[in-house]
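Given next are the chains, with one letter for each unit.
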Amino acid sequence: YELEDVPIGNIISPWEVEEARVKKYVKLGLQAVPPIVVASNYEVIDGTHRFEAVKRLGGETIEAYVGVDNETPP
């Protein structure tokens, strides 16, 4: 996995979110949201609520660990 700033529009998040968890991250603000983990196709593996919070805060990119095609998720 490589740490990258990924454009929000590239991220695929098929998971449903719990509103209370998203609001918690929104309160923290853009600078306090830890990186998410995405597969090589940018589908969220871990961090759906953080991703949704950054979208709501108007972030253009999100810091993410991006998988390499020959790796399996942690």
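Residues numbered from 1 in each chain as written. Predicted model: local features only at pLDDT ≥ 70, side-chain atom pairs only at ≥ 80, totals over all residues. Heavy atoms only, no water.

1. Things to note about the packing of aromatic side chains
Within a pair of aromatic rings, the relevant descriptors are the distance that separates the centres and the angle that separates the planes. What counts here: Each Phe, Tyr or Trp ring (for Trp, its six-membered ring) is paired with any other whose centre lies within 6.5 Å, and the angle between the two planes then decides the class: stacked below 30 degrees, edge-to-face above 60, tilted in between. We count a charge as sitting over a ring when the NZ of a lysine or the CZ of an arginine lies within 6 Å of the ring centre and within 35 degrees of the ring normal.
Enumeration over the complete set of coordinates arrives at zero aromatic pairs. When the ring centre of Tyr25 is taken as origin, the NZ or CZ atom of Lys24, which lies over that ring, is 4.9 Å away.

2. Notes on the pattern of salt bridges
For clarity, the cut-off: Only one rule defines a salt bridge in this text: a Lys or Arg side-chain nitrogen within 4 Å of an Asp or Glu carboxyl oxygen. For every residue, the accessible area obtained with a 1.4 Å probe (protein chains only) is divided by the maximum for its type, and the residue is called buried under 20%, exposed over 50%, and partly exposed between those limits. Put simply, DSSP H or I for four residues or longer makes a helix, DSSP E for two residues or longer makes a strand, and each gets a number counted from the N terminus.
Applying the stated rule across the entire model yields four salt bridges. Of the charged contacts in the structure, one is a salt bridge between Arg50 and Asp46, with a shortest N-O distance of 2.9 Å. Take Arg50: its relative accessible area is 11%, and that puts it in the buried class. Residue Glu52 is joined to Arg56 by a salt bridge in which the shortest nitrogen-to-oxygen separation is 3.1 Å. With a gap of four residues between them, Glu52 and Arg56 both fall in helix α2 (residues 48-56), about one helical turn apart. Connected through salt bridges with shared partners, the residues Glu19, Glu52, Lys55 and Arg56 form a single ionic network.

3. Focus on the sheet that holds strand β4 (residues 61-66)
For sheets, the rule is that strands pair by backbone hydrogen bonds, running either parallel or antiparallel. Using the following cut-off: A pair of strands is considered paired only if DSSP assigns at least 2 bridges between the two. Convention adopted: a line fitted to C-alpha atoms gives each axis, helices being fitted over their contacting stretch, and angles between N-to-C directions are expressed from 0 to 180 degrees.
Spatially, β1-β4-β2-β3 is the arrangement adopted by the four strands of the open sheet, whose pairing is mixed. In this open sheet, the two edge strands, each paired with only one partner strand, are β1 (2-7) and β3 (44-46). Each adjacent strand pair in this sheet contributes to an overall mean axis angle of 45°, direction not counted. Inspection of the sheet shows strand β2 (residues 36-38) paired to β3 by two bridges, in the antiparallel sense.

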